[in-house]
Amino acid sequence: MKVEHVLIEKVKRGDPKAFQELFSRFERDIYTLAYRLLGNREDAEDVTQEVAWILWSKIKSFRNESSLSTWLYRVTANTALQLLRKKRKIIYVEPSAHTAEDMHLMLEMAVMDLQENQRTLIVLRDIYNFPMKEIARMLDISEENVRVQLHRARKALRKRLEGGENGGMQRSSGTNTSLRKGRADEKSNE
Amino acid sequence: MELIPAYVKGELTRNQMNEVSEHLQNCNSCYEEAEKWEELFAELRSLVSYTHKPEKKVAQLTRGKTSSLTPWIVGGVGLGVGVLIAAGGALLWRKK
């Protein structure tokens with residue numbers, strides 16, 4: 001954290017090298033959140049690029065009141081949602097090169113397979129733990145509406161995972177354990 | 001049953017939380033349901049640490065970044081310069 005603070009101060013003074021180092025610490029996290037919201041890699045890369053620009057140009061207004069990762073997640077979600085609203089296109093969820101046995105991947109695929117509005121809510125609330133109020137503000141809907149739609153989204157996700165829709169994505173028992181094992185090469189920040 | 005996911009996430013009012021909590025103590029099927037939701041939420045949260053790698057390096061942006069705002073800025077400046085030249089030209093022409 002201390003190193004990160006030093007980097008932030010350097011970036012605030014306009015040091016491009018420090019910026020590269022700072023951004024590379026968060027690049028995968030930003031890209032992944034954008035990808036989960038947008039459903040395709042090219043748009044996720046555009047959003048990552050935009051967030052890099054925002055970080056570079058607005059870092060002076062960052063006051064250390066929240067952690068930089070929280071600030072960047074918020075900026076990423078807002079930027080991705082803006083793009084989503086602009087495009088409103090059919091989301092093409094790209095197939096992954098990983099094997100189907102990977103339980104974490106199956107869960108991610110089930111999330112990506114949800115309708116756009118349901119996926120947005122699950123990603124923001126249940127994966128990234130954004131507060132309900134903030135989600136309501138981001139999506140420009142009431143908090144009550146977020147609650148109602150989130151409930152539907154969660155039920156839809158359970159249905160997919162338990163094999164109720166599209167042939168289902170049947171999970172084995174004890175998914176929690178197998179999920180946590182995940183793919184070592186997919187883990188970041190370790 | 002309907003309130004269970006929000007209960008597990010702690011999204012209910014205090015009264016609702018107490019009601020559901022009391023119910024779960026006496027209802028096995030709802031308790032099992034709550035456990036399933038708890039497991040699913042833990043799995044979803046764990047996805048945060050599973051990240052994807054962008055195919056291309058996207059952080060080379062300190063120079064030459066084309067933000068979506070850039071065309072508007074360039075356009076705006078261009079328009080401003082154009083208006084100034086036209087106004088200057090008109091003034092010179094009137095003086096003649």
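Quick caveat, the model's predicted, so the values are computed rather than measured. (Residues numbered from 1 in each chain as written. Chains lettered and ligands numbered in written order. Predicted model: local features only at pLDDT ≥ 70, side-chain atom pairs only at ≥ 80, totals over all residues. Heavy atoms only, no water.)

Colleague: Where do I start with the overall build of chain A in this structure?
Modeller: Along its length, chain A carries nine helices and zero strands. Its helices and strands in sequence order give chain A the pattern α-α-α-α-α-α-α-α-α, from N to C terminus. Looking at chain A as a whole, 50% of its 190 residues qualify as buried. Roughly 9600 Å² of accessible area belongs to chain A as shown, and the carbon and sulfur atoms make up 50% of that amount. (Helix = DSSP H or I, 4+ residues; strand = E, 2+ residues; numbered from the N terminus. Buried < 20%, exposed > 50% of the residue type's maximum accessible area, 1.4 Å probe, protein only. Areas by Shrake-Rupley, 256 points an atom, 1.4 Å probe, with all protein chains shown as cover.)

Colleague: Teacher, can you tell me more about the layout of surface pockets here?
Modeller: Quantified by volume, the second largest pocket comes out at close to 220 Å³. Taken together, 13 residues make up the lining of the second largest pocket; nearest its centre are A:Arg147, A:His151, B:Leu3, B:Ala6 and B:Leu12. The set of elements that each furnish at least two residues to the lining of the second largest pocket consists of α8 (143–161) of chain A together with α1 (4–8) of chain B. It is α8(A) that contributes the most residues to the lining of the second largest pocket, four residues altogether. By residue class, the composition of the lining of the second largest pocket is six nonpolar, three polar and four charged. (1 Å grid on protein atoms, 1.4 Å probe; cavity = no way out; pocket = protein on both sides within 12 Å on 5 of 7 lines; lining within 4 Å. Points joined across faces, edges and corners; volume = space filled by probe spheres on them. Nonpolar A, V, L, I, M, F, W, Y, C, P; charged D, E, K, R; others polar.)

Colleague: I'm lost on the nonpolar core in this one. Help?
Modeller: Grouped burial of nonpolar side chains is what soluble globular proteins tend to show. Of all hydrophobic cores here, the largest spans 69 residues; its most connected members are A:Leu22, A:Leu55, A:Leu68, A:Leu157 and B:Leu44. The element contributing the most residues to this core is helix α2 (residues 16–38) of chain A, with twelve residues. (Core = buried A, V, L, I, M, F, W, Y, C linked by side-chain atoms within 4.5 Å.)

Colleague: Would you mind going over the environment of B:Cys30 with me for this structure?
Modeller: Mapped onto the fold, B:Cys30 is located in helix α3 (residues 28–46). Considered as a pair, B:Cys30 and B:Val20 are ten residues apart in the sequence and their alpha carbons are 9.4 Å apart.

Colleague: Is there a simple way to explain the state of the cysteines in this structure?
Modeller: Defined simply, a disulfide is a covalent bond joining two cysteines at their sulfur atoms. Residue and element names in this part refer to chain B. What the rule picks out here adds up to zero disulfides over all chains. Between Cys-27, a cysteine without a disulfide, and Cys-30, which holds the nearest cysteine sulfur, the sulfur-to-sulfur distance is 3.6 Å. Assessed through its relative accessible area of 6%, Cys-30 is described here as buried. (Disulfide = S-S within 2.5 Å.)

Colleague: What is the right way to look at the confidence of the model for chain A in this model?
Modeller: Low pLDDT means the predicted atomic positions in that stretch should not be read closely. Predicted confidence across chain A gives a mean pLDDT of 81, with 77% of residues reaching 70 or more. In the model, residues 172–190 of chain A has pLDDT below 50 throughout and makes 39 contacts with residues more than four positions away in sequence or in other chains. (pLDDT = per-residue confidence, 0-100. Contact = heavy atoms within 4.5 Å.)

Colleague: So what exactly am I meant to see when it comes to the pattern of salt bridges here?
Modeller: Once the charged atoms of two side chains with opposite charge are near each other, the side chains can pair. Tallied over the full model, the rule gives 13 salt bridges over all chains. Note that A:Arg125 and B:Glu11 form a salt bridge whose closest N and O atoms lie 2.7 Å from each other. Taken together, the positions of A:Arg125 in helix α6 (residues 116–127) and B:Glu11 in the loop between α1 and α2 (14–26) put the pair across two chains. B:Glu11 carries the same exposure label as A:Arg125, and that label is buried. Among the ionic pairs, B:Glu33 bridges to A:Arg158, the shortest N-O distance being 3.2 Å. Of this pair, B:Glu33 sits in helix α3 while A:Arg158 is found in helix α8, placing the two residues in two different chains. The two residues B:Glu33 and A:Arg158 agree in class, both being buried. Each member of the salt-bridge network shares a partner with another, and the members are A:Arg125, A:Asp126, A:Arg154, B:Lys9 and B:Glu11. (Salt bridge = Lys/Arg side-chain N within 4 Å of Asp/Glu carboxyl O.)

Colleague: How should the packing of α2(A) against α6(A) be read in this particular structure?
Modeller: Relative orientation and spacing of two packed helices are given, respectively, by the angle between their axes and the distance between those axes. All names here are of chain A. Direction vectors running N to C along α2 and α6 enclose 145 degrees, while the axes themselves pass 8 Å from each other. Contacts between α2 and α6 involve Leu-33, Arg-36, Leu-37 and Leu-38 from the former and Arg-119, Thr-120, Val-123, Leu-124 and Ile-127 from the latter. The class makeup of the residues in the contact of α2 with α6 is six nonpolar, one polar and two charged. (Axes fitted to C-alpha atoms, helices over the stretch in contact; angles between N-to-C directions.)

Colleague: Just to check I follow, could you spell out unusual backbone geometry for this structure?
Modeller: A negative phi holds for most residues other than glycine; trans holds for most peptide bonds. Residue and element names in this part refer to chain A. Although it is not a glycine, Asn-129 sits at a positive phi angle of roughly 60 degrees. Inspection of the secondary structure assignment puts Asn-129 in the loop between α6 and α7 (132–139). Look at Asp-140: it is not a glycine, yet its phi comes out positive at around 60 degrees. Tracing the backbone shows Asp-140 in the loop between α7 and α8. Of the residues examined, Asp-140 reaches a relative accessible area of 69% and is grouped as exposed.

Colleague: Sorry if this is basic, but what is going on with the packing of α8(A) against α3(B) here?
Modeller: Between α8(A) and α3(B), the shortest axis-to-axis distance is 12 Å and the interhelical angle comes to 90 degrees. The angle between the axes of α8(A) and α3(B) places the two elements in the roughly perpendicular class. Side by side, α8(A) and α3(B) meet where A:Arg154, A:Lys155, A:Leu157, A:Arg158 and A:Leu161 of the first sit next to B:Glu33, B:Lys36, B:Trp37, B:Leu40, B:Phe41 and B:Leu44 of the second. When its residues are assigned to classes, the contact of α8(A) with α3(B) shows six nonpolar, no polar and five charged. (Parallel < 35°, antiparallel > 145°, perpendicular 65-115°, else oblique.)

Colleague: Would you take a moment to explain the packing of aromatic side chains for this structure?
Modeller: To describe a pair of aromatic rings, you give the distance between the ring centres and the angle between the ring planes. The final tally for this structure, using the stated rule, is six aromatic pairs over all chains. For the ring pair A:Phe19 and A:Phe23, a centre distance of 5.9 Å and an interplane angle of 20 degrees mean the geometry is stacked. Residue A:Phe19 and its partner A:Phe23 are both found in helix α2; the two are separated by four residues, about one turn of the helix. Exposure class is identical for A:Phe19 and A:Phe23. Each is buried. Ring centres of A:Tyr31 and A:Tyr35 lie 6.4 Å apart, and the angle between their planes is 10 degrees; this geometry places the pair in the stacked category. In this pair, A:Tyr31 and A:Tyr35 are both assigned in helix α2, four residues apart and thus about one turn of the helix distant. We classify A:Tyr31 as buried; its relative accessible area is 0%. These aromatic residues form a ring-pair network of at least three members: A:Phe19, A:Phe23 and A:Trp56. A cation over a ring is seen here: A:Arg158 above B:Trp37, with NZ or CZ 4.7 Å from the ring centre. Taking NZ or CZ as reference, B:Lys9 lies 5.3 Å from the ring centre of B:Phe41, over its face. (Phe/Tyr/Trp six-rings, centres within 6.5 Å; stacked < 30°, edge-to-face > 60°. Lys NZ or Arg CZ within 6 Å of the ring centre and 35° of its normal.)

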